Every structure is written in structure tokens, then in C-alpha cells.
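Examining the three-dimensional arrangement
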Amino acid sequence: MEQNKEKLAKFIDAVNADVDGKVSELMQEAQSEKSHILDEAAAEAARTYEKHIGEASKKIGNRCVREISKAELDAKKESLRRREELTDTLFNDVCSRLEEFRATPDYETYIIKAAAEAGAGKDSVIFLAPYDMSRSAAVGKAVGTEDIRQDSSIRLGGVSVLNSGSGIIIDRTFDTALKEQRKLFAAKNVLGGEASAAE
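Heads up: these notes are all about the structure in this document. Because the structure is a prediction, the values reported are computed rather than measured. (Residues numbered from 1 in each chain as written. Predicted model: local features only at pLDDT ≥ 70, side-chain atom pairs only at ≥ 80, totals over all residues. Heavy atoms only, no water.)

Next up on the list: the side chain of S136. Here S136 is to be found in helix α4 (residues 136-143). You can call S136 buried: its relative accessible area is 19%. For S136, the side chain forms a polar contact with the main-chain oxygen of M133, separated by 2.9 Å. Ignoring sequence-local partners within four residues, the contact set of S136 consists of L128 and I148. (Helix = DSSP H or I, 4+ residues; strand = E, 2+ residues; numbered from the N terminus. Buried < 20%, exposed > 50% of the residue type's maximum accessible area, 1.4 Å probe, protein only. Polar contact = N/O pair within 3.5 Å; in protein donor to acceptor, adjacent residues only side chain to side chain. Contact = heavy atoms within 4.5 Å.)

Have a look at this one:
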């Protein structure tokens, strides 16, 4: 059990390290591209200003401000577009890695442990992805319940546990974890464990 825990921790650490490296690299590329666009726009605006300075400085000044503002807006739009593209790439890669993990024997151990940690027991209903229903007997036996149901909303894996007595659902699905990570990343440009360090 301890060995599986270490393997899972190593896997999560490897995914986080890879994701952190890619995010850092992608953010540096986006920042560099933004600076380049802004430098080009500023240089063009300066050339235009000097060319027409004798005609009407107020008119040119307003035009330069508009051009720089437009260039800054364009750069921000491009930066946001690129960031969204990179975020999609990053999280698609994480989904692929989760798929690979689901095909390993360690995955069954993981969902049994997740169900147990979520408080699964005799009075619980366990929800698994359709793909994971082949593991339902092993999961049920390990946590002491026979009520295991398929949940088609679980696509990436993991487990949800409903405590029938309290009506509380504990969600340990990869789907929810990934969705929360994506929101956190979009809001603060950090992943899970980095959030407290960034605040």
C-alpha cells in the first residue's frame, strides 16, 4: 500500500514538474512575443510622429496614442489567445497522462484508496466511470459496499462517494480535480500546490 502511495506521489510530482516547466516556458514565450509586438508598434508610431510633426502635432499626437493603444490591445488579445491555446495543450497533455494511468494496475488501487478516504462503507453508494465498472467488484469488496453505480459524467476517472445517511457526496474524480486546476490556472496562472506560494 505504501509502495502504491509512493508511486502515485511520484506520478503526481512528475506530472506537476512537467506541467510547471511547460507553463513557465509558454509564459516566457508569450511575454517575449508581447514585448516584440509592443516594441514594433512603438517604433512605427514614433516614425509616423516624426514624419508628420511639422503638419499638426496635436493631430499626430492623438493618432500616436490611438496607434499605441491599438497595438497594446492587439498584443493583449494575442497574448490571451496564445495563453488559451497553451492552456488547452497543457491540460490535454494531462488528460492523456491520466488515460495512461487508468490503464495501469495502480489505478485500481488508487480508486479503492480514494473511495476509502472519501468515507465509503456499507451505507455508501460509489459512482464510477463507465470505463471503470470492470473494477466495481474489487472496489466494493475493498470498502464494504455492494452499491456501485455507473456515472457517465465521470469521463477521466476517479470516484464519487454518496453517504446515504447524510446525503453528502465526496467527489474524488479526475474530472472535477482537472476542472478546478484549470480554473485556478486561468485565474492565477498557478497549479494546485503553487497557489498558496503565489498568494
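Here the structure, examined in full by the defined rule, presents six aromatic pairs. Arranged with centres 5.7 Å apart and planes meeting at 85°, the rings of F101 and Y107 form a pair that is edge-to-face. Taking relative accessible area as the criterion, Y107 reaches 0% and is therefore assigned buried. Considering the side-chain rings of Y107 and Y110, the 6.5 Å spacing of their centres and the 25° angle between planes classify their relative orientation as stacked. With a gap of three residues between them, Y107 and Y110 both fall in helix α3 (residues 105-117), about one helical turn apart. Y110 matches Y107 in its accessibility class, with the two residues each being buried. Taken together, the ring pairs connect F101, Y107, Y110 and F174 into an aromatic cluster. (Phe/Tyr/Trp six-rings, centres within 6.5 Å; stacked < 30°, edge-to-face > 60°.)

We now examine the packing of α3 against α4. For the pair α3 and α4, interaxial distance at closest approach is 10 Å and the crossing angle is 40°. Relative to α4, the element α3 lies oblique. Crossing angle aside, the handedness with which α3 passes α4 is right-handed. The segment α3 lies against α4, with E108, I111, I112, A115 and A116 engaging A138, V139, A142 and V143. Among the residues forming the contact of α3 with α4, the class breakdown is eight nonpolar, no polar and one charged. (Axes fitted to C-alpha atoms, helices over the stretch in contact; angles between N-to-C directions. Parallel < 35°, antiparallel > 145°, perpendicular 65-115°, else oblique. Left-handed = near helix turned anticlockwise from the far one by under 90°. Nonpolar A, V, L, I, M, F, W, Y, C, P; charged D, E, K, R; others polar.)

On to the nonpolar core, then. Counting 24 residues, the largest nonpolar core has Y110, A115, I126, V159, V161 and F174 as its most contacted members. Residue assignment for this core shows that the elements contributing at least two residues are α2 (57-102), α3, β1 (124-128), α4, β3 (158-163) and α5 (174-188). Looking at this core element by element, the count peaks at six residues for α2. In this view, V159 contacts I111, A114, A115, I126, F127, L128, I170, D171, R172 and T173; residues no more than four positions away in its chain are not counted. (Core = buried A, V, L, I, M, F, W, Y, C linked by side-chain atoms within 4.5 Å.)

Extensive coverage of β1 is indicated by the burial of five of its five residues. For β1 and β3, the ladder comprises four bridges, and the chain directions are antiparallel. Across the sheet, V125 pairs through a bridge with L162, a residue of β3. Tracing the backbone out of β1, into α4 and back to the parallel element strand β2 (residues 148-150) gives a crossover that is right-handed. (Pairing = 2+ DSSP bridges. Right-handed = clockwise from strand over helix to strand, strands pointing away.)

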